Amino acid sequence: MPTHTVGFWHETVDFSRPNPPLIGTTDADVAIIGGGYTGLSTALELKRAEPGLRVALLESHLCGYGASGRNGGFAMALFGLTMELVKLRFGHEVVHEAQTFMDQAVENVGRLVREEQINCDYERTGLMTVATSPGGARRLQRETALANALGFHEIHYLDAAETRRRVNSATYLGARIEENCALLNPARFARGLKTLAEAAGATLYEETPVTLVQPPRRGPPIVVETPLGQVLAQKVVFATNAYARTFPQLASKQVPVGTYIVLTEPLSPEELASIGWQGREGIEDAPNLVHYYRLTADNRLLMGGGDVTFKRNADLPNDYEPRVFRELEEHLALTFPSLKTTRITHRWGGPVSVPVDMAPAFGSLGNERRVCYALGCVGHGVSLMSYAGNILRDLVLERQSAFTELFFVNRRTIPWPPEPVLFPAAHLIRGYMRLEDSVTRRAVRQNSAVV
């Protein structure tokens, strides 16, 4: 049985010709650690802002190989937390700011795909968040009312009958639908960003893991060490997300959480007709441990989310978990009984970055502001982190802008406890969430059995 695997999306891109690794010593104005959406968008925006800037990006494997090429491909406006939880955590006044920023991030994805002609199966479908319990339906109604009160009238609520007319599942009791969501092939999108960053003049090194970033001192460059070389950089950007915990500078700000996906064979016309879904919307449900699902360009059904895993850094990438795969397949059959014999062709996963409060965090470290970072995509990184380059560009260049004034930039993060307390605490939180969700699942089975 495999312990590590790559996903379906990786099979659709060419990883056969990696960029050469860094060998020897090189100088850079900015060294970027990480070749996912965050690092690639930062390299692109820095070079667009100052073409003469020497930008070196270091990726431990291949650009787009990690979370940026493994996710569900939802370019969505969800800010890690729902609107209600943003209000509870950060205050009413910032809810509008968070939603507006994320709407802009979704629009940015569409603009990049359109203007730069990135071939990534982009389709603007909207997002349905479905309720499978009465409590979930009430929560979605409250969130819709809050969004409408803030002026976001493209978000509205559907009752059970309207929801099932769109997608036929007896488990659905209602849905919140928002128009501003797109679906795409995430690995192709990441590789498109790589092409753009290189065309802008950034130097990208693949198969170049960073082993140490020496703490910056006043005056001398920051030394970024790799197995075969080093970068002497004036500034450094940590674009490592789930892998940020491997660096002492960011160790307490987030933990890597494993999340997983299963994918069916292409659905037949008869199978598609049995579930409806003519609008091809992205869908997620509303328990603590969310499931998300969608159709691919060739009409495979992707089901992801559900239970998560916490593992120590040595266990990363944490991308193969048979127990969770089985649970996802069971949930697929519960949601769409007509597909219970449909063959599963792919199973994969990987870690995402989760701060204590489930909200992203950007900022600079130290008084000299020579080290910048972004983390905390919480599995919603397609739009957020491909827009992150605008924030990190202005942090690196020390420009005051609307991006640097966002409330989640240079915010005080709640630290995760150190080991050995960390992982028992994380498992306790996960256990409580699973317990609550198990009650909901029993109700869902009962509801679906009598409909």
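All values derive from a computational prediction rather than experimental measurement. (Residues numbered from 1 in each chain as written. Predicted model: local features only at pLDDT ≥ 70, side-chain atom pairs only at ≥ 80, totals over all residues. Heavy atoms only, no water.)

Peer 1: I tried to follow the overall build of the protein chain on my own but got confused; where do I start?
Peer 2: Of the regular secondary structure elements, the protein chain holds 10 helices and 20 strands. Partitioning the contacts of the protein chain with sequence separation of at least 6, the portion at a separation of at least 24 is 74%. Summing over all exposed atoms, the protein chain offers an accessible surface of approximately 18300 Å²; the carbon and sulfur share of this is 53%. (Helix = DSSP H or I, 4+ residues; strand = E, 2+ residues; numbered from the N terminus. Contact = heavy atoms within 4.5 Å. Areas by Shrake-Rupley, 256 points an atom, 1.4 Å probe, with all protein chains shown as cover.)

Peer 1: What am I meant to see in the pattern of salt bridges here?
Peer 2: Side chains that differ in sign of charge can pair as their charged atoms come close. Taken as a whole, this structure holds 27 salt bridges when the rule is applied. In this structure, Asp319 engages Arg70 in a salt bridge whose closest nitrogen and oxygen atoms are separated by 3.5 Å. Here Asp319, found in the loop between strand E17 (309-310) and helix H8 (322-335), pairs with Arg70, found in the loop between strand E2 (55-58) and strand E3 (74-75); they are 249 residues apart in sequence, far enough to count as distant. Considered together, Asp319 and Arg70 belong to a single accessibility category, that of buried residues. Of the charged contacts, one joins Arg166 and Glu281 as a salt bridge, the two residues approaching to 2.9 Å between their closest N and O atoms. (Salt bridge = Lys/Arg side-chain N within 4 Å of Asp/Glu carboxyl O. Buried < 20%, exposed > 50% of the residue type's maximum accessible area, 1.4 Å probe, protein only.)

Peer 1: Explanation requested: the packing of helix H1 (residues 37-49) against helix H6 (residues 186-199) in the structure shown.
Peer 2: Packed helices, taken two at a time, are described by the angle between their axes plus the distance between the axes. Close contact between H1 and H6 brings their axes to 8 Å; oriented N to C, the two are set at 25°. One finds that H1 runs roughly parallel with respect to H6. Here H1 and H6 pass one another in a crossing that is left-handed. Between H1, through Tyr37, Leu40, Ala43 and Leu44, and H6, the contact on the second element is made entirely by Pro186, Phe189, Ala190, Leu193, Lys194, Leu196 and Ala197. Considered class by class, the residues forming the contact of H1 with H6 number 10 nonpolar, no polar and 1 charged. (Axes fitted to C-alpha atoms, helices over the stretch in contact; angles between N-to-C directions. Parallel < 35°, antiparallel > 145°, perpendicular 65-115°, else oblique. Left-handed = near helix turned anticlockwise from the far one by under 90°. Nonpolar A, V, L, I, M, F, W, Y, C, P; charged D, E, K, R; others polar.)

Peer 1: Help me understand the environment of Ala244 in this model?
Peer 2: Within the secondary structure, Ala244 is located in the loop between strand E12 (229-238) and strand E13 (255-264). For the pair Ala244 and Ser353, spaced 109 residues apart in sequence, the C-alpha to C-alpha distance is 8.1 Å. Other than its neighbours up to four places away in sequence, Ala244 contacts Leu250, Ala251, Gln254 and Leu375.

Peer 1: What's the story with the packing of H1 against helix H9 (residues 381-396) in this structure? I'm lost.
Peer 2: Their axes nearest at 7 Å, the elements H1 and H9 cross at an angle of 40°. Overall, the two elements H1 and H9 adopt an arrangement that is oblique. Helix-helix and strand crossings are classified by hand; for H1 and H9 the assignment is right-handed. For the pair H1 and H9, the contacting residues are Tyr37, Thr38, Ser41, Thr42, Glu45, Leu46 and Ala49 in the first and Gly381, Val382, Met385, Ser386, Ala388, Gly389, Asn390, Leu392, Arg393 and Val396 in the second.

Peer 1: So what exactly am I meant to see when it comes to the sheet that holds strand E8 (residues 182-183) here?
Peer 2: Remark on secondary structure: sheet strands pair via backbone hydrogen bonds, oriented parallel or antiparallel. Overall, antiparallel pairing links the 3 strands, which are arranged E3-E8-E4 in an open sheet. Here the strands that pair on one side only, and so sit at the sheet edges, are E3 and strand E4 (123-124). (Pairing = 2+ DSSP bridges.)

Peer 1: I keep staring at the packing of aromatic side chains and nothing clicks. Help me out?
Peer 2: Here the distance between the centres and the angle between the planes together describe a pair of aromatic rings. As enumerated under the stated definition, the model contains 18 aromatic pairs in all. Ring geometry for Phe74 versus Tyr292: centroids 5.8 Å apart, planes at 80°, classification edge-to-face. Linking Phe74 in strand E3 with Tyr292 in strand E15 (residues 291-295), this pair joins segments that are 218 residues apart in sequence. For the pair formed by Phe74 and Tyr292, the shared burial category is buried. Summarising the aromatic geometry, the rings of Tyr387 and Phe403 are spaced 5.6 Å apart at their centres and angled 80° between planes, so their arrangement reads as edge-to-face. Of this pair, Tyr387 sits in helix H9 while Phe403 sits in the loop between H9 and helix H10 (422-450); the two residues are 16 residues apart in sequence, bridging distant segments of the chain. Here the two residues Tyr387 and Phe403 agree in accessibility, since each one is buried. Counting every residue linked through ring pairs, the aromatic cluster contains Phe79, Phe90, Phe101, Phe362, Tyr387, Phe403, Phe407 and Phe408. Above the face of the Tyr65 ring, Arg70 is positioned so that its terminal group lies 4.8 Å from the ring centre. (Phe/Tyr/Trp six-rings, centres within 6.5 Å; stacked < 30°, edge-to-face > 60°. Lys NZ or Arg CZ within 6 Å of the ring centre and 35° of its normal.)

Peer 1: Looking at this model, I keep getting lost on the pairing of E13. Mind explaining?
Peer 2: Two faces, one strand: in a regular strand the side chains alternate between the faces of the sheet. Along E13, 10 of the 10 residues are buried, which leaves the element largely enclosed by surrounding structure. With burial as the criterion, each face of E13 is covered, one bearing Val255, Val257, Thr259, Ile261 and Leu263 and the other bearing Pro256, Gly258, Tyr260, Val262 and Thr264. As paired strands, E13 and E17 are joined by 2 bridges and run antiparallel to one another. By the bridge assignment for E17, Val257 is matched with Phe310. Pairing geometry for E13 and strand E16 (residues 301-305), over 3 bridges, is antiparallel. Within E16, the position partnered with Leu263 by the bridge is Leu302.

Peer 1: Even after reading the chapter, I still don't get the pairing of E12, so can you show me in this structure?
Peer 2: Most of E12 sits out of view: 7 of its 10 residues are buried. Strand direction decides the pairing type here: strand E1 (residues 24-33) and E12, joined by 9 bridges, are parallel. Bridging across to E12, Thr25 finds its partner in Gln230. Pairing geometry for strand E11 (residues 222-226) and E12, over 5 bridges, is antiparallel. Within the sheet, the bridge partner assigned to Val224 lies in E12 and is Val231. Linking two consecutive strands that pair antiparallel, namely E11 and E12, is a turn of 2 residues.

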